[in-house]
Amino acid sequence: MEATQFKVPYKLEQPTRGVERLSLSYFRCYEIFSVSFDLRPVILTGPNGAGKTNLLEALSFLIPGRGMRRARLSEVKQQDSQHPWSISALLQDQGEKIQIGTGLDPETSDSERRVTKINGEKAKSQSDLAEWVSVIWLTPQMDRLFLDGPQGRRRFLDRLVYGFDPGHAQRLNRYEQVLKERGLLLRQGRLDRYWLEGLEETLVNDGIAITVARREVVGQLSNVLKNQSKAFPQAEISLEGDLENLLRERPVLEVEDEMRCLLAENRDEDRLMGRTSLGPHRSDLVTVYPEKNQLAALCSTGEQKALLLSIVMASAQLLSVRTGAIPLLLLDEVIAHLDDVRRTALFDAILQLKMQTWLTGTDASLFEELQGNAQFLSLKEARLVSKT
Ligand SMILES: Nc1ncnc2c1ncn2[C@@H]1O[C@H](COP(=O)(O)OP(=O)(O)OP(=O)(O)O)[C@@H](O)[C@H]1O
Ligand SMILES: [Mg+2]
């Protein structure tokens with residue numbers, strides 16, 4: 001890739017962590033593709049269908065989960081190809097090199113199983129990725145974040161929490177498995193007291209740890225939002241739910257006892273309702289636009305977009321200074337929707353961040369202001385030169 005030369009000397013401190021090389025095999029529209037970067041912002045341009053979002057999606061697989069499209073892993077494979085997909089990234093963390101590879105497991109017929117290698121060693125589970133990389137993204141699909149159900153908002157928050165507490169991913173995973181197991185036992189009427197008590201103990205321990213970690217991050221994020229640049233709207237965020245209410249009023253140990261009792265008491269009701277009534281799977285991240293004292297879901301489309309960008313940028317700011325993992329910010333098609341003032345404010349904020357930021361757009365001219373301080377990759381070109 002041709003990195004653009006500086007027009008003016010770069011005065012800002014560059015990030016010291018980020019992706020230096022990304023290689024994709026049989027990943028969506030990419031057959032074999034490899035490209036190198038430095039740690040400045042990366043601007044991906046190209047016509048519709050050039051593969052810009054696919055490249056960001058590949059980066060989103062550097063953390064646990066199903067990536068930013070929440071695709072089935074079998075869908076990600078290049079259509080018509082028999083080969084399993086994989087991505088490989090060479091990352092730099094203040095001089096130290098880290099190699100991460102992930103993709104469909106070539107050794108099993110299970111088309112939804114992802115394998116991960118970190119510095120050449122097979123990881124026990126993809127949750128291990130949270131120790132190394134932390135990714136925040138903003139995509140056009142997230143325009144509905146305030147309108148759709150709480151699950152998307154919880155996922156958004158949890159991705160951020162991974163950056164502070166790498167054990168969070170594993171805890172969530174275990175919590176969800178055990179929740180399903182308890183549901184199944186109740187549905188089948190297998191009311192084995194000891195079995196249920198064992199499962200509920202895990203739900204209590206993990207459920208409270210998950211909620212405490214989320215609350216901690218929401219508190220820190222609220223502080224960043226209060227001091228956010230005036231170009232972004234203020235957003236007031238809070239974590240709401242029964243467990244959160246209990247934790248607001250009482251010490252953690254008491255809440256543990258209370259949750260244990262409530263789970264045992266609610267078994268009949270939970271069986272009838274087909275769900276567990278208490279726990280972090282019921283929490284919601286609530287956003288208010290304080291200028292209007294309005295819930296985000298009731299704000300106009302433009303106001304919602306601005307609130308979301310504000311929260312994403314505050315999250316990035318928090319992550320860039322607080323995480324031990326390598327932080328990455330992916331902004332898919334964000335620039336085209338901003339007026340000149342907001343665009344300049346966003347570019348300024350990106351250049352101040354100590355994290356590698358990736359931006360996409362069909363028109364390179366929209367990123368003119370970043371000339372000299374960013375690297376530009378025109379995807380049509382790059383795919384032609386890099387395809388081997
Ligand atoms: N599994 C797959 N196998 C092969 N090609 C795929 C697969 N999934 C998606 N594609 C193709 O990849 C191409 C690039 O998609 P991508 O979403 O990255 O484009 P884009 O550059 O972001 O475009 P836009 O500007 O419209 O957002 C599309 O033509 C799409 O059909
Ligand atoms: Mg796209």
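Above this note sits the structure.
A. Structural context of the site of ligand 1. In the neighbourhood of ligand 1, 18 residues make up the surrounding shell, with G49, K52, T53, N54 and R69 lying closest. At a separation of 2.9 Å, an oxygen atom of ligand 1 approaches a polar side-chain atom of N48. Side-chain polar atom of T53 to an oxygen atom of ligand 1: 2.7 Å apart, as the coordinates give it. At the level of elements, α1 (52-60) and α2 (73-76) are the ones that each hand at least two residues to the shell around ligand 1. Ranked by residue count, the leading element in the shell around ligand 1 is α1, at three residues. The residue makeup of the shell around ligand 1, split by class, is four nonpolar, eight polar and six charged.

B. View of the pairing of strand β10 (residues 284-289). The element β10 is largely enclosed, with a buried count of five among its six residues. Pairing of β10 with strand β11 (residues 294-295), which is carried by two bridges, proceeds in the antiparallel orientation. Bridge assignment links V288 to a residue of β11, and that residue is L295. In sequence, β10 turns back onto β11 through a hairpin of four residues, with N293 there showing a positive phi of about 50°.

C. Structural view of helix α10 (residues 340-352). Across its 13 residues, α10 extends 18 Å between first and last C-alpha, which sits within 8% of the 18 Å expected from 1.5 Å per residue. For α10, every residue scored as buried is listed here: R343, A345, L346, F347, I350 and L351. On its buried side, α10 packs onto α9 (301-322), β12 (326-331) and β13 (356-361).

D. Fine view of the pattern of salt bridges. Under the counting rule described, the total for this entry stands at 21 salt bridges. A salt bridge links R153 to D284; the nearest nitrogen and oxygen atoms lie 2.7 Å apart. Placement of the pair is R153 in helix α3 (residues 150-162) and D284 in strand β10, with a sequence separation of 131 residues. Classification of R153 by relative accessible area gives buried; the value is 8%. For the salt bridge of D257 with R260, the shortest nitrogen-to-oxygen distance reads 2.9 Å.

Definitions and limits used
Residues numbered from 1 in each chain as written. Chains lettered and ligands numbered in written order. Predicted model: local features only at pLDDT ≥ 70, side-chain atom pairs only at ≥ 80, totals over all residues. Heavy atoms only, no water. Near = heavy atom within 4 Å. Polar contact = N/O pair within 3.5 Å; in protein donor to acceptor, adjacent residues only side chain to side chain. Helix = DSSP H or I, 4+ residues; strand = E, 2+ residues; numbered from the N terminus. Nonpolar A, V, L, I, M, F, W, Y, C, P; charged D, E, K, R; others polar. Buried < 20%, exposed > 50% of the residue type's maximum accessible area, 1.4 Å probe, protein only. Pairing = 2+ DSSP bridges. Expected span 1.5 Å × (residues − 1). Contact = heavy atoms within 4.5 Å. Salt bridge = Lys/Arg side-chain N within 4 Å of Asp/Glu carboxyl O.

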